[in-house]
Amino acid sequence: MVKKYVFGTPFETEAVVEAVEASKNLISFGNVTATKEGFSFEYTMEPTDVVYGLGQANRGINKRGYIYVSNCADDPNHTEEKVSLYGAHNFIVIDGIKCKKGLFFDYPGKLEFDIGYTKRDVLKVSCERADLYVYEIDGESAYDIVKQFRKIIGKSYIPPKFAFGFGQSRWGYRTQEDFEKVVDTYRANEIPMDMLYLDIDYMESYKDFTIDKKRIPDFKAFVEKMKAKNIHLIPIIDAGVKIEDGYEVYEEGKEKGYFCKREDGSDFVAAVWPGWTHFTDVMNPEARDWFGKKYAFLIEQGIDGFWNDMNEPAIFYTEEGVAALNEAIVEYAAQLTGTSDKPLEPCDDIMNTANVLPAKIRSIMGSLQNNPEDYKRFYHNVNGKKVRHDLIHNLYGFNMTRAAGEAFEKIAPDKDILLFSRSSYIGMHRYGGIWTGDNQSWWSHILLNLKMMPSLNMCGFLYIGADLGGFGSNATRELVLRWLALGVFTPLMRNHAALGTREQECYQFEDIEDFKHVIEVRYRLIPYLYSEYMKAATQDDLYFKPLGFVYPEDKIAVQTEDQLMIGNEIMIAPVYTQNAIGRGVYLPEEMKLVKFMPDGSLYEEIMPKGYHFVEVALNEVPLFIRKGKCIPLAKAAQSTAELDWDNLEFVGYDDAEYKHY
Ligand code: GLC
């Protein structure tokens, strides 16, 4: 049962699509304070309560014991203490003996979840303005609550089939030659592949909806050439529109008044990759429609997939920030030359050259990027009403992606288009997927990737995945292989890396056949993974489940966070530590271990419920089939187009039957 409570004058985020009548009562548990000073909800947790949810958030599947702030952030350093990542997914489930409740705080500004951080037993959700909807969901179990929530937020996005193949990406491929080399080397080594991603360098001076003709002289012909090899090119689209005379998108947007404005009505200016840019006001339906239709430029040239980036929106610096810095530098110069009456501020640490500049200058420099003050400097036009950006900050990525999704239905209604975004809010799951942003080539980030998956599913995001091999830092052969073995199971399977890092395409390392094998396992599993994805998407279900959702009575299963259930048949337990010959695995019931061996054979062993140490070599991919079940397997193929869906074999328990979507 879902109840809806209205506080103040909420902003219509359009996260929820099913009509839920507003309740006149108060939230049935906990304490609510809603005043001019803000909103807070407090609940005293029982010692055994587990708290699920929050989608793209740091740390574990059970969110208890830390603080999380919904405030979409362009922060590439996902260390353990971070409280905000790229998405804002304000849904939690309290799963206890006395209390089983789902709560969705539909509030598009900054919202804090203190889940036993300040006080170990107190769950406190708070925000600065008491203008929001709160949805309370009762159910038999956490799983049941999640399914009810998923129902009210609408069906999840379904990508085209090719999006279940493997994709290669790297920030740094610049020319057609660079791109073709990647594809040719994959094909020459017979490593399956379906997608090649185009990062910002395919554009002319990082201008959206342009092609750098010097680097790719005939884009349409290039797209066709790749299609003939069963490769889909997936270009990036950034949020900022470059300010440049003669650039059509800029000139048109300016003339029509479609960019976000400052209080005085002038267009807000922020620097991102292209230098000075404007942000399209994607909260204005007309501007959203206009921006979305711009994707036609690429679709008309054969493109059928996009990744939307920098849409928190990320800001490197603004005109206001630079002006403040200038002023401080001019003042400092005057102090140095003795023309200022203000005394020269002493440097606290003259031995450290980084600290030679006065604290004031250092502080301004340090706060130029993604400065919260800048997010208060621009406004959206929401159906004629001026709304300050910071109050609805978490909706920008959602609506940029919605712009594209809505436009695709108009400009290419018969085409299935791949679409995913970096920033998101619940509701965006209807238009696209997400990737989890700029992670690092760290072992801990394999585990973070794993743990984030079911939480994202709870919030509607099904087409998801992390940058396999890690975006920042230098990857190693072992790390990439282990990470790919997890990526085999994530709907979005993409290897992506940052400019300047060690090259990590599968062919850069020794014994390429090991990589070929791991990716072939993905292709063998596509009929199963796709079918389970479709079931989840059409039935408001989870593709990834925490063990506790399937075995709620099993205390060990409930607290096992480094294994996941996928679909209805399998459990995965990826290796995420260096120099491991295998790992400990907990089986909540008897299961059949299946290992995909490098020679193409399957190792099968029925294992009883309980703890096991399972050996997993670097070139093996393990999974566990639940008792009495089986899964379909295809023959490996070089691309999804070449997969033979009609001749599948089955692995699992004898006499088991698999129900295809
Ligand atoms: C951002 C994206 C990353 C991309 C880079 C350059 O950091 O998150 O994926 O490679 O920008 O476009």
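This text gives an overview of the structure that appears in the document. What you see is a predicted model; the values in this text were computed from it and never measured.

This paragraph deals with the packing of aromatic side chains. Two descriptors summarise a pair of aromatic rings, namely the distance from one centre to the other and the angle between the planes of the rings. Applying the stated criterion to the full structure yields 51 aromatic pairs. When the ring of W171 is compared with that of F471, the centres are 6.4 Å apart and the planes differ by 5°; the resulting orientation is stacked. Residue W171 is found in the loop between β12 (166–168) and α2 (176–188), and its partner F471 is found in the loop between β26 (467–468) and α11 (477–487); the two are separated by 300 residues along the sequence. Pair check on accessibility: W171 and F471 agree, each one buried. An aromatic cluster of three or more residues is present, and its members are F164, Y197, W307, F420, W435, Y463, Y530, Y533, Y543, F544 and W645. The ring of Y197 has R494 lying over it, and the distance from NZ or CZ to the ring centre is 4.7 Å. The ring of Y603 has K595 sitting right over it, with the charged end atom 5.2 Å from the ring centre.

Here we come to the side chain of Q504. The residue Q504 is located in the loop between β27 (493–495) and α12 (512–538) in this model. With relative accessibility at 1%, the residue Q504 sits in the buried group. Within polar-contact distance, the side chain of Q504 engages the backbone oxygen of G470 at 3.0 Å. Residues contacting Q504, with those up to four places away along its chain left out, are R170, S441, L468, G469, G470, A475, V480, N495, H496, A497 and F509.

The tally for this structure, following the rule as stated, stands at 47 salt bridges. The shortest N-O distance in the salt bridge between K254 and D267 comes to 3.4 Å. Here K254, found in helix α4 (residues 248–256), pairs with D267, found in the loop between α4 and β16 (270–272); they are 13 residues apart in sequence, far enough to count as distant. Owing to a relative accessible area of 41%, K254 belongs among the partly exposed residues under this scheme. Between K609 and D554 there is a salt bridge; the shortest N-O distance is 3.8 Å. One end of the pair, K609, is in the loop between β33 (602–607) and β34 (610–615); the other, D554, is in the loop between α13 (547–550) and α14 (555–558), with 55 residues separating them in the sequence.

This paragraph deals with the packing of α2 against helix α3 (residues 219–228). Where α2 meets α3, the axes come as close as 12 Å, and the angle between the chain directions of the two elements is 5°. By the angle class used here, α2 and α3 are roughly parallel. Contact residues: α2 offers Q176, F179, E180 and V183, while α3 offers F222, K225 and M226. Tallied by class, residues from the contact of α2 with α3 come to four nonpolar, one polar and two charged.

Below, the discussion takes up the pairing of strand β18 (residues 305–309). The buried fraction of β18 is high, at five of five residues. Sheet topology note: the strand β14 (residues 232–238)/β18 ladder contains three bridges and is parallel. Residue pairing for β18: I237 is matched across the bridge by N308. Where β18 and strand β22 (residues 418–421) come together, four bridges link them in parallel fashion.

Spatially, five strands are ordered β1-β11-β8-β7-β4 in an open sheet, and the strand pairing comes out antiparallel. The sheet is open, and its two edges are formed by β1 (2–7) and β4 (50–53), each paired on a single side. The sheet shows a mean angle of 20° between the axes of neighbouring strands, direction not considered. Where strand β7 (residues 91–95) lies against strand β8 (residues 100–106), five bridges are found, and the strand directions are antiparallel. Paired with V93 across the two strands is G102, which belongs to β8. On top of the sheet, helix α1 (residues 142–153) reaches β1, β4, β7, β8 and β11 (132–138); it is set at about 155° to β7, its chief contact.

About the criteria used
Residues numbered from 1 in each chain as written. Predicted model: local features only at pLDDT ≥ 70, side-chain atom pairs only at ≥ 80, totals over all residues. Heavy atoms only, no water. Phe/Tyr/Trp six-rings, centres within 6.5 Å; stacked < 30°, edge-to-face > 60°. Helix = DSSP H or I, 4+ residues; strand = E, 2+ residues; numbered from the N terminus. Buried < 20%, exposed > 50% of the residue type's maximum accessible area, 1.4 Å probe, protein only. Lys NZ or Arg CZ within 6 Å of the ring centre and 35° of its normal. Polar contact = N/O pair within 3.5 Å; in protein donor to acceptor, adjacent residues only side chain to side chain. Contact = heavy atoms within 4.5 Å. Salt bridge = Lys/Arg side-chain N within 4 Å of Asp/Glu carboxyl O. Axes fitted to C-alpha atoms, helices over the stretch in contact; angles between N-to-C directions. Parallel < 35°, antiparallel > 145°, perpendicular 65-115°, else oblique. Nonpolar A, V, L, I, M, F, W, Y, C, P; charged D, E, K, R; others polar. Pairing = 2+ DSSP bridges.

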